[in-house]
Amino acid sequence: MIPTLRYALRKLAIVGLGKSGLSAARALSADGAKVLVWDDNPDARQKAAEAGYTVVEPNENSWSDVDRVIWSPGIPHTHPKPHPLAQLAARLGKPMVCDVDLLCDTNTQPFYVGITGTNGKSTTTALITHILKSAGQQAEAAGNIGIPALDSPTLGMTGTYVLELSSYQLELVPSLRLDVAVWTNITPDHLDRHGGMDGYVTAKRRLFQNQKYPSHAVIGVDDDYSARVCAELIRQGGSQVIPVSVTRAVENGVYVKDGMLIDATGRRPQEICDLREMKTLPGAHNWQNAALAYAASRCRGVSLPRILDALRSFPGLPHRQQLVAVIEDVAFINDSKATNADAASKALGCYTDVLWIAGGKAKEGGIASLAPLFPRIKHAFLIGESANDFAAVLKAANVPCTISGTLENAVEQADEMADHGDTVLLSPACASFDQFRSFEHRGEVFMDIVHELEEEDDDGDDGSAA
């Protein structure tokens, strides 16, 4: 059951008919609103019309009496160049919001936890949700994690919406008022959409808008930008700020030392658990995710034993350092979600003797920042449009590499080269759109190829045994 929106008889326009746009159209129509939909793609418009929605080309007449415009976050409305319909909305004085704002605006009773950051937000969102559900609470994850906000079940005052929020969404949620705001980290990303790093940080910082005591701000402080945001929030007051670090001890916060999770929010630091024992949360980046989720869950009132049980039972997320198979003592890891160098660094830092599969549509900066991790790479197999550029960087650093071209070639070549104890790691450090529909599609193709290898290995074993 979708949340009640209370927009009956009101007229709203929807721009963009992807998952969130269609979800909003369904929810608003069911609520009795008059909905006008539009997408620049003729096929999307035709499918919407066939589904029974009213497709109307936006102009000053058709939008003259709309209440607001439900805008797809993926469509640029400021940088690098505003979409003409964003300019139309501005001229007409029509507020632009996304589907998350509709949820927050009309469903004020539930508890809200919001998570943003450059990396780690999906794992942190899923982990918080897992902890809350394991503790017997009603909780639903939604937003940028892949489940449109308005496809979530209706929750009452004892329930919790756990919202993963992108920088694009945060520019379109004026009604956001989080009980717990979780900031993972920030590194340069999506700079073209925000006019530079300052604009990107400003968009992310909207996570904390409207927060008042007794709300909480849980902030990873291991990069300079995040540390400054944390200090500013402490000076401003309003919410209770809990800094989180995996590189140093922090006062009145939560930190990790030598893999040990430590809670320093009380009178004296308390050792909570050894995160090295959590097999689905490997590496310092996942320790940060766990520390953030621990702090957020404590803010929601979850007991320590419940949190520990949930950390141990967390299954992990697909495409985030996902162990696909072990074939003849060679681990095949799907980290397709690593769409930039910073994300790829987290996985590379967890393994040695890496047969690294990388490449695709490169992000700004390429892979130069990964140089300190190059000694971990036994051989690189490069795919997609960035292959030649990445090969030049690796060869200059004396890292052996092969331009494989396709993912299938890369997996097969890595399998042929692998020795016992090696790790075949798909962690592309690139967007997927040159060869795949999404990072999920890329990861699924990788898993299919690996499973075929696994079946061949099993057949070979059967034959030799016979």
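Described below are features of the structure shown in this document. Just so you know, these numbers come straight off a predicted model, no measurement behind them.

**A short note on the overall build of the protein**
- Secondary structure summary: the protein contains 15 helices and 22 strands in total.
- Over its C-alpha atoms, taken along the principal directions, the protein stretches across nearly 70 × 60 × 45 Å.
- A burial count over the protein gives 56% of its 466 residues as buried.
- Residue pairs at least 24 apart in sequence account for 67% of intrachain contacts in the protein once pairs closer than 6 positions are excluded.
- Charge centroids of the protein, computed over 42 positive and 58 negative side chains, lie 12 Å from each other.

**Things to note about the packing of aromatic side chains**
- Enumeration according to the criterion identifies two aromatic pairs in this entry.
- For the ring pair Y112 and Y161, a centre distance of 5.4 Å and an interplane angle of 35 degrees mean the geometry is tilted. One end of the pair, Y112, is in strand β6 (residues 111–116); the other, Y161, is in strand β8 (residues 160–164), and 49 residues separate them in sequence.
- Of the residues examined, Y112 reaches a relative accessible area of 4% and is grouped as buried.
- Look at W183 and F208: their rings are 5.8 Å apart centre to centre, the planes differ by 20 degrees, and that puts the pair in the stacked class.

**Brief notes about the pairing of strand β2 (residues 34–38)**
- Along β2, four of the five residues are buried, which leaves the element largely enclosed by surrounding structure.
- In terms of strand pairing, strand β1 (residues 11–15) meets β2 through five bridges, oriented parallel. Along β2, the bridge assignment pairs V15 with W38.
- For the handedness criterion, the β-α-β arrangement of β1, helix α1 (residues 19–30) and β2 is classed as right-handed.

**Some remarks on the sheet that holds strand β19 (residues 377–383)**
- Pairing in this open sheet of six strands is mixed, and the strands run β15-β16-β21-β17-β19-β20 from one edge to the other. Since the sheet does not close on itself, it has two edges, and those belong to β15 (322–327) and β20 (401–405), each with one partner. The average angle at which neighbouring strand axes cross in this sheet is 20 degrees, direction not considered.
- By the bridge criterion, four bridges tie strand β16 (residues 330–334) to strand β21 (residues 423–426) in an arrangement that is parallel. Pairing of A331 across the sheet is with T423, part of β21.

**With respect to the sheet that holds strand β10 (residues 216–220)**
- The strand order across the open sheet formed by nine strands is β7-β8-β6-β9-β10-β11-β12-β13-β14, and the pairing between neighbours is mixed. Pairing within the sheet leaves two strands with one partner each, and these edge strands are β7 (139–143) and β14 (270–274). Each strand of the sheet is rotated relative to its neighbour by a mean of 20 degrees, with strand direction disregarded.
- Along the sheet, helix α10 (residues 283–299) makes contact with β6, β9 (180–183), β10, β11 (240–245), β12 (254–257), β13 (260–263) and β14, crossing β10 at roughly 170 degrees.

**Description of the environment of T402**
- Here T402 lies in strand β20.
- Taking C-alpha positions, T402 is 7.8 Å from H379, a pair spaced 23 residues apart along the chain.
- In terms of polar contacts, T402 uses its side chain to reach the side chain of H379, at 2.7 Å.

**Re the packing of helix α5 (residues 121–134) against helix α11 (residues 304–313)**
- α11 packs onto α5 with a crossing angle of 125 degrees between their chain directions and a minimal axis gap of 9 Å. It follows from the interaxial angle that α5 and α11 lie oblique. Judged by the twist between their axes, the crossing of α5 over α11 is right-handed. Here L127, H130, I131 and S134 of α5 come into contact with α11, specifically with R306, I307, A310, L311 and S313.
- A breakdown of the residues in the contact of α5 with α11 according to their chemical character gives five nonpolar, three polar and one charged.

**Side note on α10**
- If you check α10, its first and last C-alpha atoms are 25 Å apart, about what 17 residues at 1.5 Å a residue would give, namely 24 Å.
- Most of α10 is tucked away: 15 of the 17 residues are buried.
- Looking one or two places after α10, you find G301, whose phi comes out positive at around 90 degrees.

**Some words on a negative patch on the surface**
- A contiguous patch of negative charge, built from E408, E412, E416, E440, E444, D448, E452, E455, E456 and D458, is present on the exposed surface.
- Those elements that provide at least two residues to the negative patch are α14 (407–417) and α15 (439–465).
- Take the negative patch: its biggest share by element is seven residues, from α15.
- Looking at the element boundaries, E440 is found in helix α15.

**Focus on the packing of α10 against α11**
- For the pair α10 and α11, interaxial distance at closest approach is 11 Å and the crossing angle is 145 degrees. Classified by chirality, the crossing of α11 by α10 is right-handed. Where α10 approaches α11, its residues A290, Y294, S297 and R298 are matched on the opposing element by L304, I307 and L311.
- Taken together, the residues of the contact of α10 with α11 break down into five nonpolar, one polar and one charged.

**Remarks on the environment of G114**
- Mapped onto the elements, G114 comes out in strand β6.
- On the accessibility criterion, G114 (0% relative accessible area) is buried.
- Each C-alpha atom of the pair G114 and R235 lies 21 Å from the other, and the pair is 121 residues apart in sequence.
- Each residue touching G114, except ones within four places of it in the same chain, is listed here: L163, L165, L178, V180, A181, V182 and L207.

What counts and how
- Residues numbered from 1 in each chain as written.
- Predicted model: local features only at pLDDT ≥ 70, side-chain atom pairs only at ≥ 80, totals over all residues.
- Heavy atoms only, no water.
- Helix = DSSP H or I, 4+ residues; strand = E, 2+ residues; numbered from the N terminus.
- Buried < 20%, exposed > 50% of the residue type's maximum accessible area, 1.4 Å probe, protein only.
- Contact = heavy atoms within 4.5 Å.
- Lys, Arg positive; Asp, Glu negative; His and termini not counted.
- Charge placed at Lys NZ, Arg CZ, Asp CG, Glu CD.
- Phe/Tyr/Trp six-rings, centres within 6.5 Å; stacked < 30°, edge-to-face > 60°.
- Pairing = 2+ DSSP bridges.
- Right-handed = clockwise from strand over helix to strand, strands pointing away.
- Axes fitted to C-alpha atoms, helices over the stretch in contact; angles between N-to-C directions.
- Polar contact = N/O pair within 3.5 Å; in protein donor to acceptor, adjacent residues only side chain to side chain.
- Parallel < 35°, antiparallel > 145°, perpendicular 65-115°, else oblique.
- Left-handed = near helix turned anticlockwise from the far one by under 90°.
- Nonpolar A, V, L, I, M, F, W, Y, C, P; charged D, E, K, R; others polar.
- Expected span 1.5 Å × (residues − 1).
- Patch = residues over 30% accessible without salt bridge, like charges linked within 9 Å, V, L, I, M, F, W, Y side chains within 5 Å.
- Areas by Shrake-Rupley, 256 points an atom, 1.4 Å probe, with all protein chains shown as cover.
- Salt bridge = Lys/Arg side-chain N within 4 Å of Asp/Glu carboxyl O.

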